[in-house]
Amino acid sequence: MIKKFLFFGILVFMLPLAACSSPSSQTSTGGSEEALIVGAIPDQDPEELQRKYQQLATYLEQKLGVPVEYKPVTDYAAAVTAFKVGDLDLVWFGGLTGVQARLQVPGAEAIAQRDVDQQFHSLFIAHKSSELTPLNDISELQKLKDKTLTFGSESSTSGRLMPQYFLKQAGVTLEDFKGEPGFSGDHDKTIKLVEAGTYQVGAVNEKVWEKRVQENAINLDQVEVIWRTPAYYDYHWVIHPQVKEQYGADFVQKVQEAFMSLDPNVPEEKEILDLFSAGQFITTQNSNYSQIEEVGREIGKIK
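As annotated in an unreviewed UniProt entry, the chain carries the name Selenate ABC transporter substrate-binding protein and is attributed to Limnoraphis robusta CCNP1315. As recorded by UniProt, the Sequence similarities (unreviewed entry) comment attached to the chain reads in full: "Belongs to the phosphate/phosphite/phosphonate binding protein family."

The N-to-C vectors of helix α5 (residues 157–169) and helix α11 (residues 290–298) enclose an angle of 75°; their axes lie 11 Å apart at closest approach. The angle between the axes of α5 and α11 places the two elements in the roughly perpendicular class. In this structure, α5 uses T157, L161, M162, Y165 and K168 to contact α11, whose residues at the interface are Q291, I292, V295, G296 and E298. Taken together, the residues of the contact of α5 with α11 sort by class into five nonpolar, three polar and two charged.

With that out of the way, let us pick up helix α2 (residues 46–64). The end-to-end C-alpha distance of α2 is 26 Å, a good match for the 27 Å that 19 residues give at a rise of 1.5 Å each. Listed as buried for α2 are E48, L49, K52, Y53, L56, A57, Y59, L60 and L64. Its side-chain oxygen placed 3.0 Å from the backbone nitrogen of E47, D45 serves as the N-cap of α2. Taken from the residues just after α2, G65 is the one with a positive phi, measuring 75°.

Another point: the sheet that holds strand β7 (residues 182–183). Think of a sheet as strands paired side by side through backbone hydrogen bonds, with each pair either parallel or antiparallel. An order of β7-β6-β8-β5-β9 is seen for the five strands of this open sheet, with the pairing classed as mixed. Each edge of the open sheet is held by one strand with a lone partner, namely β7 and β9 (223–228). Here strand β5 (residues 122–127) runs beside strand β8 (residues 201–205); their pairing, made up of five bridges, is antiparallel. Directly across from S122, in β8, lies its bridge partner N205.

A separate point is the environment of R160. Checked against the element boundaries, R160 lands in helix α5. Judged by its relative accessible area of 9%, R160 is buried. Put simply, R160 and V204 are 44 residues apart on the chain and 8.1 Å apart in space, counted from C-alpha to C-alpha. Other than its neighbours up to four places away in sequence, R160 contacts F151, S153, E154, F183, I299 and K301. Side-chain polar atoms of R160 contact the side chain of Q164, separated by 2.6 Å.

Another point: the pattern of salt bridges. Under the definition given, this model contains 14 salt bridges. K143 is the salt-bridge partner of E140, the closest N and O atoms lying 3.9 Å from each other. Overall, K143 belongs to the partly exposed group, its relative accessible area being 46%. Between K207 and E210 there is a salt bridge; the shortest N-O distance is 3.3 Å. Taken together, the residues span about one helical turn, with K207 and E210 both in helix α7 (residues 206–214) at a distance of three residues. Judged by relative accessible area, E210 falls into the partly exposed class, the value being 30%.

This paragraph deals with the packing of helix α3 (residues 76–84) against helix α4 (residues 95–104). At a minimum axis separation of 9 Å, α3 and α4 run at an interaxial angle of 25°. With respect to α4, the axis of α3 lies roughly parallel. Between α3 and α4 lies a crossing whose hand is right-handed. Of the residues in α4, those in contact with Y76, V80, F83 and K84 of α3 are T97, Q100, A101 and Q104. Of the residues assigned to the contact of α3 with α4, the class counts are four nonpolar, three polar and one charged.

Moving on to unusual backbone geometry. Even without a glycine there, the phi angle at E131 is positive, about 65°. A positive phi angle, close to 55°, is found at N216, a residue other than glycine. When you line up the elements, N216 lands in the loop between α7 and β9. Judged by relative accessible area, which is 69%, N216 ranks as exposed.

Turning our eyes to something else, we now look at helix α6 (residues 187–195). Here α6 has its buried residues at H187, D188, T190, I191, V194 and E195. Along the axis of α6, the buried positions cluster into a sector of 160°, meaning they face one direction only. Sitting at the head of α6, D186 places a side-chain oxygen 3.0 Å from the backbone nitrogen of D188. G197 occupies a position one or two residues after α6 and carries a positive phi of about 85°.

What counts, and where the lines are drawn
Residues numbered from 1 in each chain as written. Predicted model: local features only at pLDDT ≥ 70, side-chain atom pairs only at ≥ 80, totals over all residues. Heavy atoms only, no water. UniProt positions renumbered as here; feature names shortened; annotations may be inferred. Axes fitted to C-alpha atoms, helices over the stretch in contact; angles between N-to-C directions. Helix = DSSP H or I, 4+ residues; strand = E, 2+ residues; numbered from the N terminus. Parallel < 35°, antiparallel > 145°, perpendicular 65-115°, else oblique. Contact = heavy atoms within 4.5 Å. Nonpolar A, V, L, I, M, F, W, Y, C, P; charged D, E, K, R; others polar. Expected span 1.5 Å × (residues − 1). Buried < 20%, exposed > 50% of the residue type's maximum accessible area, 1.4 Å probe, protein only. Polar contact = N/O pair within 3.5 Å; in protein donor to acceptor, adjacent residues only side chain to side chain. Pairing = 2+ DSSP bridges. Salt bridge = Lys/Arg side-chain N within 4 Å of Asp/Glu carboxyl O. Left-handed = near helix turned anticlockwise from the far one by under 90°. Arc of directions from axis to C-beta.

Now the structure itself:
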């Protein structure tokens, strides 16, 4: 009788707990549901980023069978810090921020990049009033001396690191510009600042520029491209080693395969690729960014 009473009491106690348990506390695979948190460096307009990563999150949820949540960050440094402390599991980094993040998280892996990222380029753009004309080779970057210049974010690979590197190769230092160089924060802002004549010259991501030209979002009567840099490795997806504990030892491979599986012949997936200005995603690895690390150390962005 006492055992029956105890059993009934335990059952009554457990029922409210079961009722409070959300149906979403179980994944389709029967495990504990913990959202995969995706982040990205804020290199473009926030609305553009929200649209891009929400669509990607929906796709990844379907492919991986776990909840996926996009979490925006305020700036490039915040993306690196959030990855370091484990608040972000999977992040779209530029070359420099990817290296910075991986150096602080042992076991972090670069797993995918766009087809364009193994041969990426920056552009120098100029306001027409600067009287600068297209440059024929790197030595002609000397003509930028005594002009006003803005980069993108201080930690941007395509908007600061590599443009500064190529300036140095041409014998141009930041002290050679008129006033201190600006840091706009992202590529869209750089374009707008040069277009408005606030700065005479700007360094921008080639793919962002091309996309805005296609959208007729740039007044080409006011601003033009004057030089395209040599190629380098840039953007890539970096995954945190903690996902292996959360979702299993093979989860990194599953995420990598999800990116490889994006099919331009499927309309919804083509839209994602188009939002990323990519024909497809390809595999990558940490060693591909050794040049970025070297340049980052050279200009003091990696210690």
